[in-house]
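Commentary on secondary and tertiary structure
Chain by chain, the residues:
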Amino acid sequence: MKNLFLIILLLFSAGYCCAQQSNALVKKGNDAYKKGDAKTAAEDYKKALEKDKNNKAALFNLGNALQQENQGPDADKAYDEIVNSNADVSLKAKAAYNKGLSLIQQKKLQEAAEAFKQSLKMSPQDNDTRENLQKVLNEIKKQQQQQQQQQNKNKDQKKQQNNKEQQKPKDQQSQPKLSKQKAEQLLNQLREKENQLQNQLQKQKPTNQQQEKDW
């Protein structure tokens, strides 16, 4: 019994030591994060998780740091680990909320709405989550309306184009008729001018003959 007790005690001491080191790295990462150095903070949080993979603070803060570094998909994985773990419900709700914000940055509005809904189930009284959910739903509705308007516009343009294509043969058939009418008009005008010229010539002949008589 004595030896067994010593082994358990040594294992407990080793675990406590790792937890302390992990928490120290989390604190170091928090300092870097506050200074705006999210990249260094993320590295410290990862080191903290290497020391203690169950350090929920390190995992949660890692998600925040990755989000700041525009590594949305990786941040979402960290948040999902929190949500699916045995962490405190309040921390899970915050992780789902932050995941929603991350998904908005990635323009994944449908998924963001689902994340906010998940957060609300765990924290129904959170007004910030409810407001953000409503904003996302409104934006989704707006985009759907814009898409529908664009689809209707494309349909109208296609319909107009089809109508023009169908009207082309009719236009081509009417063109010869118009050309014939114009040709007849021009012909009549030429005939009229010719008649006028003939009339003028006939009127000039007696004058010429009278002049010859004078000679």
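See the structure printed just above.
Described in the following lines is the structure provided in the data block. (Residues numbered from 1 in each chain as written. Predicted model: local features only at pLDDT ≥ 70, side-chain atom pairs only at ≥ 80, totals over all residues. Heavy atoms only, no water.)

**Some thoughts on the overall build of the protein chain**
Looking only at helices and strands, one finds seven helices and zero strands in the protein chain. Secondary structure of the protein chain in N-to-C order comes out as α-α-α-α-α-α-α. Across the 215 residues of the protein chain, 26% fall into the buried class. Total accessible area on the protein chain stands at roughly 16,600 Å², and carbon and sulfur atoms take up 49% of it. (Helix = DSSP H or I, 4+ residues; strand = E, 2+ residues; numbered from the N terminus. Buried < 20%, exposed > 50% of the residue type's maximum accessible area, 1.4 Å probe, protein only. Areas by Shrake-Rupley, 256 points an atom, 1.4 Å probe, with all protein chains shown as cover.)

**Considerations on the packing of aromatic side chains**
One pass over the structure, following the stated rule, counts two aromatic pairs. Summarising the aromatic geometry, the rings of F60 and Y79 are spaced 6.2 Å apart at their centres and angled 65° between planes, so their arrangement reads as edge-to-face. With F60 in helix α3 (residues 56–68) and Y79 in helix α4 (residues 72–83), this pair connects stretches of sequence that are 19 residues apart. Like F60, the residue Y79 is buried in the burial classification. Seen from their ring centres, Y97 and F116 are 5.7 Å apart, and the 55° between their planes marks the pair as tilted. (Phe/Tyr/Trp six-rings, centres within 6.5 Å; stacked < 30°, edge-to-face > 60°.)

**Here's the deal with the nonpolar core**
If you look at the biggest cluster of nonpolar residues, it comprises 22 residues, and the most contacted ones within it are Y45, L62, I82 and A95. Among the secondary structure elements, those contributing two or more residues to this core are α1 (2–34), α2 (38–51), α3, α4 and α5 (89–105). Sequence-distant contacts of L62, defined by excluding residues within four places in its chain, comprise A42, Y45, K46 and L49. Core analysis: the next-biggest nonpolar cluster, separate from the first, contains eight residues, L109, A113, V136 and I140 among them. (Core = buried A, V, L, I, M, F, W, Y, C linked by side-chain atoms within 4.5 Å. Contact = heavy atoms within 4.5 Å.)

**So, the side chain of K56**
Structurally, K56 is set in helix α3. The side chain of K56 is buried and forms no salt bridge, while D52, the nearest opposite charge, is found at 7.5 Å. In contact with K56, not counting residues within four places along its chain, are I82, S85, N86, A87 and L91. (Lys, Arg positive; Asp, Glu negative; His and termini not counted. Salt bridge = Lys/Arg side-chain N within 4 Å of Asp/Glu carboxyl O.)

**Brief notes about α4**
The terminal C-alpha atoms of α4 lie 16 Å apart, and with 12 residues this matches the ideal 16 Å at 1.5 Å per residue to within 8%. Those residues of α4 lying buried are G72, A75, D76, A78, Y79, I82 and V83. The arc that holds every buried residue of α4, seen down its axis, measures 160°, which confines them to one face. Buried positions along α4 lie against α3, α5 and α6 (109–122). (Expected span 1.5 Å × (residues − 1). Arc of directions from axis to C-beta.)

**Looking at the pattern of salt bridges**
Overall, the coordinates contain three salt bridges when judged by the stated rule. A salt bridge links K27 to D31, with the shortest nitrogen-to-oxygen separation between them at 3.8 Å. Here K27 and its partner D31 are both found in helix α1, four residues apart, which amounts to about one turn of the helix. Its salt-bridge partner being K117, residue E114 comes within 3.7 Å of it at the nearest N-O pair. In this pair, E114 and K117 are both assigned in helix α6, three residues apart and thus about one turn of the helix distant. For K117, a relative accessible area of 35% corresponds to the partly exposed category.

**What about the side chain of S85?**
Topologically, S85 is positioned in the loop between α4 and α5. Residues contacting S85, with those up to four places away along its chain left out, are K56 and K92.

**Some remarks on the environment of L66**
Mapped onto the fold, L66 is located in helix α3. Judged by relative accessible area, which is 6%, L66 ranks as buried. Between the C-alpha atoms of L66 and D76, which are 10 residues apart in sequence, the distance is 8.9 Å. Discounting chain neighbours no more than four positions away, the residues touching L66 are A42, Q71, D74 and A75.

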